[in-house]
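Each chain, letter by letter, is given below.
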Amino acid sequence: MTEHGTAAAPSRSTPSQDGPDEGDPRAVWLDLSSEEQQACLRDQGQPPFRAAQIREWIYRRYAQRFAEMTNLPRALRQELDRCFRIWPLEPLAQVVSQDRSTQKVVFRLPDGQTIETVLMLYRRRRTLCISSQVGCAMGCTFCATAQGGLARNLGVGEMVAQVLYFARYLADPQAGPGMAVERPTRVTHIVLMGMGEPMHNYRSVWAAIRLLTHPEAFGLGARHITLSTVGLVPMIDRMAEEGLQVNLAVSLHAPNDELRSQLVPINRRWPVEELLAAVRRYVDRTHRRVTFEYALMRGVNDSPALAHELAQRLQGILCHVNLIPWNPIPHSPFQPTSPQDTRRFAQVLRSHGIPTTVRLRRGIEIDAGCGQLRRRLAQQDQAAA
Ligand code: SF4
């Protein structure tokens, strides 16, 4: 794989030796619970500390195969490699933005499905945007991922491995140039804002979050993880009871039902008032500030009148609004809002006392919206067939 790509030329990798072959029958080690891992090692006649040794290799040294784990008995390494693969991902294509601040990788999964993961560099942050599903069932009308529907949920290992892949990349000074970052360094933040609706794959997403935050696994602080939802109300209530300080972001995109139902069809099931009531309950329970994401589309949801309406609806909620310049999708009727109108929208919100930021536009030339690069590769494959 390489490096400085543009939207016209994502570079494709040749399948690596370490990656999974399609049809590989081996189970995925990362999909096992720690109890299942312990039981497996016990069955091999291994002492209890072996599980901790393996965790150390996976979560601190980002080993991709048991063969790398040189302090394990050779016979055990061979047996584990025979039965398990650690990572269920194979990098298929990679693009780096021209300013070298954003990298998107399309991974192939063992069943041939593909997902995207994006690494973004900020001044002090290395933020990873991971996928939680193959495709998405939510059908948001402005989203590239929605266009193919939902294929399936991702497993725990498939989510954790997206993080470990980039953790390995950032830790390895030999990993090739690519991004403008000094290595070794670490993933500092994770956002579940890639392909899929994380709340629609709730159980596996939270199992992955527990591994990513557990001190004996990946060990990232919960406050450094953000889960983004389009508004599955019962799951927001459930998240309030999880007892981890993971950040909640709600993709709102419109302040009223008439407009929001056009953009976000799930709004017909849980309209704005019900959604905001769930957010209020969440804040009451957790005392944590919620982020409302609002993708600005020209002439659709970016008028000052809508900004006033939004500000009024959010009054009294401990929140912050993140305005997102919408990433254009080919053949979409939507257009991004101009920088001037974006500033005007933000000013209206701030004039009502709503803390508001405008998200930096990232990787515009690398199909930055979720699902865009994967979709383009699939179209290229179809055209070539
Ligand atoms: S915007 Fe998010 S929730 Fe909506 S269809 Fe796209 S991936 Fe799914």
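Residues numbered from 1 in each chain as written. Predicted model: local features only at pLDDT ≥ 70, side-chain atom pairs only at ≥ 80, totals over all residues.

## Quick look at the overall build of the protein
Thinking step 1. Secondary structure summary: the protein contains eleven helices and 15 strands in total.
Thinking step 2. At 21 Å, the protein has a C-alpha radius of gyration in line with the 21 Å of a compact globule built from 385 residues.
Thinking step 3. With respect to the principal axes defined by its C-alpha atoms, the protein has extents near 70 × 50 × 35 Å.
Thinking step 4. For the protein, with 385 residues in total, the buried portion stands at 44%.
Thinking step 5. Taking all contacts inside the protein whose residues are at least 6 apart in sequence as the whole, residues at least 24 apart take part in 67%. (Helix = DSSP H or I, 4+ residues; strand = E, 2+ residues; numbered from the N terminus. Rg over C-alpha atoms; globule rule 2.2 N^0.38 Å. Buried ≥ 20, exposed ≤ 12 C-beta atoms within 10 Å, placed from the backbone. Contact = placed C-beta atoms within 7 Å.)

## Some details on the environment of Leu150
Thinking step 1. Take Leu150: it is sitting in strand β9 (residues 150–153).
Thinking step 2. In this structure the C-alpha to C-alpha distance between Leu150 and Gly135, which are 15 residues apart in sequence, comes to 4.4 Å.
Thinking step 3. Apart from residues no more than four positions distant in its own chain, Leu150 is found in contact with Gln133, Gly135, Cys136 and Ala137.

## Section: the confidence of the model for the protein
Thinking step 1. Summing up the model confidence of the protein, the mean pLDDT is 90 and the portion of residues at 70 or higher is 91%.
Thinking step 2. Counting interchain partners and residues more than four positions distant, the pLDDT-below-50 stretch residues 1–8 has 21 contacts.
Thinking step 3. The model gives residues 14–20 a pLDDT under 50, and that stretch makes nine contacts with residues more than four places away or in other chains. (pLDDT = per-residue confidence, 0-100.)

## A short note on the environment of Met235
Thinking step 1. By the element assignment, Met235 lies in helix α6 (residues 233–239).
Thinking step 2. Its 19 C-beta neighbours within 10 Å are what place Met235 among the partly exposed residues.
Thinking step 3. Residues within four places of Met235 in sequence aside, it is in contact with Met199, Tyr202 and Thr229.

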